[in-house]
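Spelled out, the chains give:
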Amino acid sequence: MNRICVTGGAGFIASNYIKFALDEYPDLHIVNLDKLTYAGNMDNLKDIDESRHTFINGDIADADVVRKAMDGCDAIINFAADSHVDRSIMEASDFIATNVRGVHNIVEAAKEMKTHRVLLVSTDEVYGSIESGSFVETDPLGPRNPYSATKAGGELLGMTYFHTFDVPVIVTRGSNTYGPNQYPEKVLPLFVTNAIDDEPLPLYGDGKNVRDWLYVEDHARGIDHALRHGEPGQVYNVSGSNEKENVTLTHKILELVGKGPDLIKPIQDRPGHDRRYSIDDTKLMGLGWKPLTSWEDGMAKTVKWYQDNEWWWRKIKSGEFREYYERQYGNK
Ligand code: NAD
Ligand code: DAU
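Remember, it's a predicted structure, so these values are computed and weren't measured experimentally.

A. Broad picture of the overall build of the chain. Across its full length, the chain carries twelve helices and twelve strands. Here the chain holds 332 residues, and the buried ones make up 57% of them. By sequence separation, contacts in the chain at least 24 residues apart represent 82% of the contacts at least 6 residues apart. When the accessible surface of the chain is summed, it comes to about 13,500 Å², and 49% of that surface belongs to carbon and sulfur atoms. Of note, the chain has its 37 positive side-chain charges centred 1 Å away from the centre of its 51 negative side-chain charges.

B. Highlighting the sheet that holds strand E1 (residues 3-7). Strand order across the open sheet formed by seven strands is E3-E2-E1-E4-E5-E6-E10, with parallel pairing between neighbours. Edge positions in the open sheet fall to strand E3 (53-57) and strand E10 (235-238), since each of these has one partner strand only. Each strand of the sheet is rotated relative to its neighbour by a mean of 20°, with strand direction disregarded. Bridge analysis of E1 against strand E2 (residues 29-34) gives five bridges, and the strand direction is parallel. Across the sheet, cysteine 5 pairs through a bridge with valine 31, a residue of E2. Lying on the sheet, helix H1 (residues 12-24) is in contact with E1, E2, E3 and strand E4 (75-78); it crosses E1 at an angle near 165°. In the packing of helix H5 (residues 146-165) onto the sheet, the strands contacted are strand E5 (117-123), strand E6 (169-174) and E10, and the crossing angle to E5 comes to about 155°.

C. Structural context of the site of ligand 1. In the neighbourhood of ligand 1, 29 residues make up the surrounding shell, with Asp34, Asp59, Ser83, Tyr147 and Lys151 lying closest. One of the backbone nitrogen or oxygen atoms of threonine 37 is found 3.0 Å away from an oxygen atom of ligand 1. In this structure, threonine 98 approaches ligand 1 through a side-chain N or O atom, which is 2.9 Å from a nitrogen atom. The fraction of the free accessible surface of ligand 1 (840 Å²) that becomes covered by protein chains is 96%. Those elements that place two or more of their residues in the shell around ligand 1 are H1, E5, H5 and strand E7 (176-178). Of the residues that constitute the shell around ligand 1, the class distribution is eleven nonpolar, 14 polar and four charged.

D. Fine view of the side chain of glutamine 328. Considering the arrangement of structural elements, one finds glutamine 328 in helix H12 (residues 320-329). A distance of 3.0 Å separates the side chain of glutamine 328 from the side chain of tyrosine 204, its partner in a polar contact. The residues contacting glutamine 328, other than those within four sequence positions of it, are Asp86, Met90 and Tyr204.

E. Fine view of the domain arrangement of the chain. Splitting the chain by domain gives domain 1 (3-177 + 216-238) and domain 2 (180-211 + 243-272 + 295-321). Between the C-alpha centres of domain 1 and domain 2 the distance comes to 25 Å. Across the contact, 20 residues belong to domain 1 and 16 residues belong to domain 2. Seen at the junction of domain 1 and domain 2, the total is four salt bridges. Between arginine 87 and glutamate 185 there is a salt bridge whose closest N-O contact spans 2.7 Å. For the pair domain 1 and domain 2, the interface holds twelve residue pairs in polar contact (both at pLDDT 80 or more).

Rules used throughout
- Residues numbered from 1 in each chain as written.
- Chains lettered and ligands numbered in written order.
- Predicted model: local features only at pLDDT ≥ 70, side-chain atom pairs only at ≥ 80, totals over all residues.
- Heavy atoms only, no water.
- Helix = DSSP H or I, 4+ residues; strand = E, 2+ residues; numbered from the N terminus.
- Buried < 20%, exposed > 50% of the residue type's maximum accessible area, 1.4 Å probe, protein only.
- Contact = heavy atoms within 4.5 Å.
- Areas by Shrake-Rupley, 256 points an atom, 1.4 Å probe, with all protein chains shown as cover.
- Lys, Arg positive; Asp, Glu negative; His and termini not counted.
- Charge placed at Lys NZ, Arg CZ, Asp CG, Glu CD.
- Pairing = 2+ DSSP bridges.
- Axes fitted to C-alpha atoms, helices over the stretch in contact; angles between N-to-C directions.
- Near = heavy atom within 4 Å.
- Polar contact = N/O pair within 3.5 Å; in protein donor to acceptor, adjacent residues only side chain to side chain.
- Nonpolar A, V, L, I, M, F, W, Y, C, P; charged D, E, K, R; others polar.
- Domains from an automatic or database assignment.
- Salt bridge = Lys/Arg side-chain N within 4 Å of Asp/Glu carboxyl O.

Next up, the structure:
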């Protein structure tokens, strides 16, 4: 696999994937197809070797653009998505176009071009919420917000191309990912950057919802492992095995930034807020992958990155983000 098409490569996880993969595989060339939505940011790719990276500014919902980007590639990894649950609750049509139609264009092009591997990056949210225990890959899906419903739709449609047309589709379902270059609408970078600025941390509901935290480099390696060692037609959970209540995460952030709990501001809950996500990743572990970054190290590295890289997030927080922030939090 010397030429891989990566979609959404200017986003959080995919830009970290590109940096990891170019480092790991000296002969690899990446074709990066990204629409540069509000979440796409070329700053995320600023230090990569440009001679091994071709950037195409385009939309995966456009079939011609997808075919052009995939032409000559051995594999495609689809990271491109509308990815924020709260935005999908406000307005879901872009989510449907990208997360469902976009995936359809990719598997159609892969069928036509006989692409060697198609990896669809999905999420633990497709299972829905679980009170106790952990979901395994064969459990039924039960998405409960518009974002996760479109992700479920995309991966289910994608997998039908394996069963119907022999397109070598693999799906990964990852848990909540954190690390450098995450758009500050997501809870972790939002709370870190707000804490740095002594602004309130808007904690939804009773703060006891549980998320499983996975360091971004571990998620990138998990996706790469499934691509290279996974079997077509199979789904692989990628977990951080680090379940925390949101309130625990919030206190950890405050401790690392050196601020007090008075910044915590409990606010109205997210509608349909899933209580707990938990997945079992024995299957991917069985192929030889495991997460390498502990919660303590990952949190310390991540908070330090936002402290050292104000140039990266201050630009974002003063742009489109302000309007979104007002809309999302203003009346709560
Ligand atoms: P992100 O929002 O940071 O980045 C998404 C990228 O996709 C951006 O660069 C954006 O410009 C691009 N994009 C959006 N629509 C596009 C379109 N129509 N055509 C081409 N490019 C488009 O996302 P992320 O958090 O890095 O998530 C990446 C993938 O991983 C998504 O598929 C998401 O569902 C999945 N995932 C995310 C997490 C998480 O915690 N962030 C966990 C599990 C799975
Ligand atoms: O589980 C994987 C998913 O994780 C990915 O598929 C999604 O793309 C990604 O956005 C993430 O979804 P969440 O909804 O879990 O992430 P978010 O950062 O939005 O919220 C994490 C938790 O924090 C959740 O329980 C809601 C809570 N929260 C979030 C925000 C933005 C707050 O309490 N306050 C906030 O302001």
